Amino acid sequence: MNRNEIRSTLDEESVRLSKALGQNLLHDQNVLRRIAKAADLHPADQALEIGPGLGALTEHLLAAVDQLTAIEMDKRLHAHLSERFGATEKLRLIHADALKYFRNTEVDWSNWKLVSNLPYNVASPLLVDLAAMPRGPQRLVVTVQWEVGQRLAACHATREYSKLTLLVACRYEVKEIFKISPHCFFPEPRVDSACLMLDRRPDPLYPDALHKPFTAVVKRAFSQRRKMMRKNLKGGWPEDQLDAAFAAVDLDSKIRAEKVTLEQFVALAKKLHDV
Ligand code: SAM
């Protein structure tokens, strides 16, 4: 679908795009092809798309796989997609809020690849939820705001290194990232976007039981970014336990959270939770 086709489809369906639902639709065919290629899809792959919109990316995904599941929250767009793709049995369309859908359904997604131009307002919580799943998708190819992409790919001791970096990096590794200009979307967003390819870590950094404690440590550690991490953690654990854990991981008691590596956070969570 090019820009004119998107415009005329929206006119025909009397649909006004919603900012609140992050409806910036991709129309650049080269970018759409590049996103689909990054997923390296094969016909037998199980593919999932969140927010198919008018189906621009959906078309490319359907050309590559035998089965695609797509979750769209906007009922007008869901109705349009049902009509447009109704004839193909390859597509399972779900009308739902993807955040709620994932939180309320127990599915083993470990053989799935998720490919999506994510709505900007739910991108971060969705990625954190996907990383929290014990059996989350094996690959994520996601388009997000550039700044979110920078945080996902950040190294420690940088301004972008944050809670989001760690809560996704604990289960996923960024393998590829490329920039997408606002001109590739309709309407044009005010900022650049990034498409990232992330793969699930083949060797988990910790047992599933440590995910909640790890999350709790990271959230507390970053609760006040400018403060020393040990002060932020004080409300959560007794002082002597913190001292012992910091010593075991060889962390300076004055260190700030942004200087602590993923591996050190994992080691700290293990020490604080006896795993
Ligand atoms: N995939 C299309 C494209 O690239 O042109 C549309 C992408 S647009 C950035 C985001 C899409 O996600 C919209 O279709 C919007 O209605 C949908 N959406 C927004 N919030 C959602 C949610 N919580 N669950 C599922 N879909 C959502």
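Fair warning: this is a prediction, and the values are worked out from it, not measured in the lab.

*Asks:* In this structure, what is going on with the state of the cysteines? I would like to understand it.
*Replies:* In protein structure, a disulfide is the covalent linkage between the sulfur atoms of two cysteines. This model, assessed by the stated rule, comprises 0 disulfides. No disulfide involves Cys-184; its sulfur sits 12 Å from the nearest other cysteine sulfur, which is in Cys-195.

*Asks:* Any chance you could explain helix α12 (residues 262-273) here in plain terms?
*Replies:* Because the α-helix completes a turn every 3.6 residues, residues three or four places apart line up on one side. Its 12 residues give α12 an end-to-end C-alpha distance of 16 Å, which sits within 8% of 16 Å, the value for a rise of 1.5 Å per residue. Here α12 has its buried residues at Leu-262, Phe-265, Val-266, Leu-268, Ala-269 and Leu-272. The buried residues of α12 all sit within an arc of 165 degrees when viewed along its axis, so they share a single face. On its buried face, α12 sits against α8 (163-169), α9 (211-221), α10 (229-233) and α11 (239-249). Asp-274 occupies a position one or two residues after α12 and carries a positive phi of about 55 degrees.

*Asks:* Would you mind showing me how to read the site of the ligand here?
*Replies:* Neighbouring residues of the ligand: 21 residues in total, closest Gln-23, Gly-51, Glu-72, Ala-98 and Asn-117. Contacts to the ligand include Glu-49, whose side-chain N or O atom sits 3.4 Å from a nitrogen atom. In this structure, Gly-53 approaches the ligand through a main-chain N or O atom, which is 3.3 Å from an oxygen atom. The fraction of the free accessible surface of the ligand (590 Å²) that becomes covered by protein chains is 99%. Breaking the shell around the ligand down by element, the ones donating at least two residues are β1 (25-26) and β3 (67-72). Considering only residue class, the shell around the ligand consists of 11 nonpolar, 6 polar and 4 charged.

*Asks:* How should I be thinking about the domain arrangement of the protein in this particular structure?
*Replies:* Interfaces are frequently sized by the accessible area removed from exposure as the parts join. You can read the domains of the protein as domain 1 (3-200) and domain 2 (208-273). Using only C-alpha atoms to locate each centre, domain 1 and domain 2 end up separated by 33 Å. In this assembly, 15 residues from domain 1 lie in contact with 15 residues from domain 2. Roughly 1,200 Å² is buried in total at the junction of domain 1 and domain 2, and carbon and sulfur atoms are behind 69% of that figure. Of all residues in domain 1, Tyr-161, Leu-166 and Leu-167 give up the largest surface area on contact with domain 2, accounting jointly for 38% of the area buried on that side.

*Asks:* For this particular structure, what's the right way to read the environment of Arg-151?
*Replies:* As for its placement among the helices and strands, Arg-151 is situated in helix α7 (residues 146-152). Leave out the neighbours within four places in its chain, and Arg-151 touches Glu-160, Ser-162, Leu-164 and Thr-165.

*Asks:* Before we go on, may I ask you to explain the nonpolar core in this structure?
*Replies:* One recurring pattern in soluble globular proteins is that nonpolar side chains are buried together. Residues Leu-26, Ile-35, Val-141 and Ile-180 are the most contacted members of the largest nonpolar core, which totals 35 residues. It is helix α2 (residues 29-38) that provides the largest number of residues to this core, a total of 5 residues. Once you skip the residues sitting within four places of it in the chain, Ile-35 turns out to touch Leu-26, Leu-57, Val-115, Val-141, Thr-143, Phe-178, Ile-180 and Cys-195.

*Asks:* I would appreciate a short explanation of the sheet that holds strand β5 (residues 112-117) in the present structure.
*Replies:* Two pairing modes exist for strands in a sheet, parallel and antiparallel, and in both the strands are linked by backbone hydrogen bonds. Spatial strand order, β4-β3-β2-β5-β6-β9-β7: 7 strands in an open sheet with mixed pairing. If you trace the sheet from one side to the other, it starts and ends with β4 (91-95) and β7 (172-180), each paired once. Neighbouring strand axes in the sheet, compared pairwise and without regard to direction, differ in orientation by 20 degrees on average. Inspection of the sheet shows β3 paired to β4 by 5 bridges, in the parallel sense. Directly across from Leu-68, in β4, lies its bridge partner Leu-91. Most of the contacts of helix α3 (residues 56-64) go to β5, to which it runs at about 150 degrees, and overall it touches β2 (46-50), β3, β4 and β5. Relative to the sheet, helix α4 (residues 75-85) contacts β3 and β4, its axis offset from that of β4 by approximately 160 degrees.

Quick notes on the rules
Residues numbered from 1 in each chain as written. Predicted model: local features only at pLDDT ≥ 70, side-chain atom pairs only at ≥ 80, totals over all residues. Heavy atoms only, no water. Disulfide = S-S within 2.5 Å. Helix = DSSP H or I, 4+ residues; strand = E, 2+ residues; numbered from the N terminus. Expected span 1.5 Å × (residues − 1). Buried < 20%, exposed > 50% of the residue type's maximum accessible area, 1.4 Å probe, protein only. Arc of directions from axis to C-beta. Contact = heavy atoms within 4.5 Å. Near = heavy atom within 4 Å. Polar contact = N/O pair within 3.5 Å; in protein donor to acceptor, adjacent residues only side chain to side chain. Areas by Shrake-Rupley, 256 points an atom, 1.4 Å probe, with all protein chains shown as cover. Nonpolar A, V, L, I, M, F, W, Y, C, P; charged D, E, K, R; others polar. Domains from an automatic or database assignment. Buried area = accessible area lost by both parts, 1.4 Å probe. Core = buried A, V, L, I, M, F, W, Y, C linked by side-chain atoms within 4.5 Å. Pairing = 2+ DSSP bridges. Axes fitted to C-alpha atoms, helices over the stretch in contact; angles between N-to-C directions.

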